[in-house]
Amino acid sequence: METISGHEVLRFDAVESTNETAKELLGEGAGEGTVILANRQVSGRGRHGRAWASPPGGLYCSVVLAPEERFVAMLQLLCGMPVVKALRHWAMLATLKWPNDVVFRGRKVGGVLCEGVYRRDRFWVVAGIGVNTNAPLDRLPEAVRGTATSLKSETGAEVSNDEFLEYMLRDLDRVYRGHKSGGRDVLAREYMALCSTIRQKVEVATPGGKVRGTAVEVTPLGALVVMDESGKRVEVADGTVVG
Ligand code: BT5
């Protein structure tokens, strides 16, 4: 056990999924700020039941947060910002693809899976973050390889996952504190500045069908606003940008 930037970091070699470990530990008394870190995941998860390939070399962590439930959608988006900031610090000009894919030249380098859970009579969010820092691309499944990249393959330099985590957690602290104290409008603007989906023509797959148009903004509650072909503003709360 040790502490990075005020967080308690619990380290594991292999877990099924750091999000699952975090949820188990929440049941056993873990609290806000606990970080679960693993060298690899046997069944790392993405959003909507998708998988997250987690070979050794990448960074796989989950952070326990305790936000107000009604602001969770925006918090999910904001959790991608520290990843982008850290990648930029290590010379990779990554951006966010709404909601929280981390991409570089159209290839995915990281992702965030936030899950809300009730434990010990209150609501928590487990923010799972995966980054291909030094993950060897040839260890990713073939279907993913063509659309993925890593910090190491783009910059040629191996980064210390501990240093990367520390940088990320420090920025997450800042974002999380701002979010809790009501600075959500400012953070939404900061998010938009890092988000390459804004001003793009997009096709968004949503639970209610496809939405096509131009992405114009992200609301302080985290929805993507798309101006469709007829000029109507459509707010998309949950979805995946497919084109
Ligand atoms: C995400 O889902 O991008 C969220 C990924 C979150 C992973 C972290 S790791 C720590 C924590 N514990 C977990 O179990 N999960 C979190 P989504 O937007 O659904 O993207 C998933 C898609 O990304 C897959 O369907 C693949 O196409 C692609 N993909 C999977 N593994 C990848 C990888 N390592 N690098 C790049 N792309 C990948």
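Located above this text is the structure these notes cover.
Conventions used here
- Here the residue index of a chain counts from 1 through its sequence in written order.
- Only residues with pLDDT of 70 or above have their local features reported here, since the model is predicted, and side-chain atom pairs are shown and tallied only from 80 upward, although totals for entire chains, interfaces and linings are computed over all residues.
- Each side-chain value is worked out from all heavy atoms of the structure, with water and hydrogens disregarded.
- The rule is simple: put a 1 Å grid over the protein atoms alone, call a set of points where a 1.4 Å probe fits but cannot get out a cavity, call an open set with protein on both sides within 12 Å along at least five of seven lines a pocket, and count a residue as lining if it has an atom within 4 Å of a point.
- Grid points are joined across faces, edges and corners, and a volume is the space filled by probe spheres set on the points.
- Where helices and strands are cited, they refer to DSSP runs of H or I of at least four residues and of E of at least two residues respectively, numbered from the N terminus.
- Note that Gly is not counted as nonpolar here; it falls among the polar residues with everything else outside the nonpolar set of Ala, Val, Leu, Ile, Met, Phe, Trp, Tyr, Cys and Pro and the charged set of Asp, Glu, Lys and Arg.
- We define a salt bridge as a contact between a side-chain nitrogen of Lys or Arg and a carboxyl oxygen of Asp or Glu at a distance within 4 Å.
- Three labels apply to residues, based on accessible area from a 1.4 Å probe with only protein chains included: buried if under 20% of the type maximum, exposed if over 50%, partly exposed otherwise in between.
- Paired strands are those between which DSSP finds at least two bridges.

A. Quick look at the layout of surface pockets. What the largest pocket holds in volume is close to 890 Å³. Trp52, Asp101, Val103, Lys108 and Gly111 are the residues nearest the centre of the largest pocket, which is lined by 42 residues in total. Among the elements that line the lining of the largest pocket, the one with the most residues is strand β7 (residues 107-119), at 5 residues. Across the lining of the largest pocket, the residue classes tally to 16 nonpolar, 18 polar and 8 charged. Here the second largest pocket is characterised by a volume of approximately 190 Å³. If you trace the second largest pocket, you find it lined by Arg47, His48, Ala73, Gln76, Leu77, Trp98, Pro99, Leu113, Cys114, Ala237, Asp238 and Gly239. Elements supplying a minimum of two residues to the lining of the second largest pocket: α2 (72-78) and β7. Counting residues per element, the lining of the second largest pocket draws most heavily on α2, which supplies 3 residues. Among the residues forming the lining of the second largest pocket, the class breakdown is 7 nonpolar, 3 polar and 2 charged.

B. Structural view of the pattern of salt bridges. Tallied over the entire structure, the rule returns 16 salt bridges. Residues aspartate 162 and arginine 11 are paired through a salt bridge, measuring 3.2 Å at the closest nitrogen-oxygen approach. With aspartate 162 in helix α6 (residues 161-180) and arginine 11 in strand β2 (residues 7-15), this residue pair connects regions lying 151 residues apart in the sequence. Looking at aspartate 162, the relative accessible area reads 37%, which means it is partly exposed. Given a relative accessible area of 37%, arginine 11 falls into the partly exposed group. We note a salt bridge from lysine 210 to glutamate 203, for which the minimum N-O separation is 3.3 Å. The class for glutamate 203 is partly exposed, based on a relative accessible area of 23%. Residues joined by salt bridges that share partners form a network here, namely Glu20, Lys23, Arg45 and Glu115.

C. Fine view of the pairing of strand β9 (residues 201-206). Side chains Val202, Val204 and Thr206 of β9 all project onto a buried face; the interleaved residues Lys201, Glu203 and Ala205 project onto a face where none is buried. Examined bridge by bridge, β9 and strand β10 (residues 209-218) share 6 bridges and lie antiparallel to one another. Note on β10: the bridge partner recorded for valine 202 is glycine 213. Between β9 and β10, which pair antiparallel one after the other, the connecting turn spans 2 residues. Where β9 meets strand β13 (residues 240-241), 2 bridges bridge the pair, whose relative direction is antiparallel. Each bridged residue has a counterpart across the sheet, and for alanine 205 the counterpart in β13 is threonine 240.

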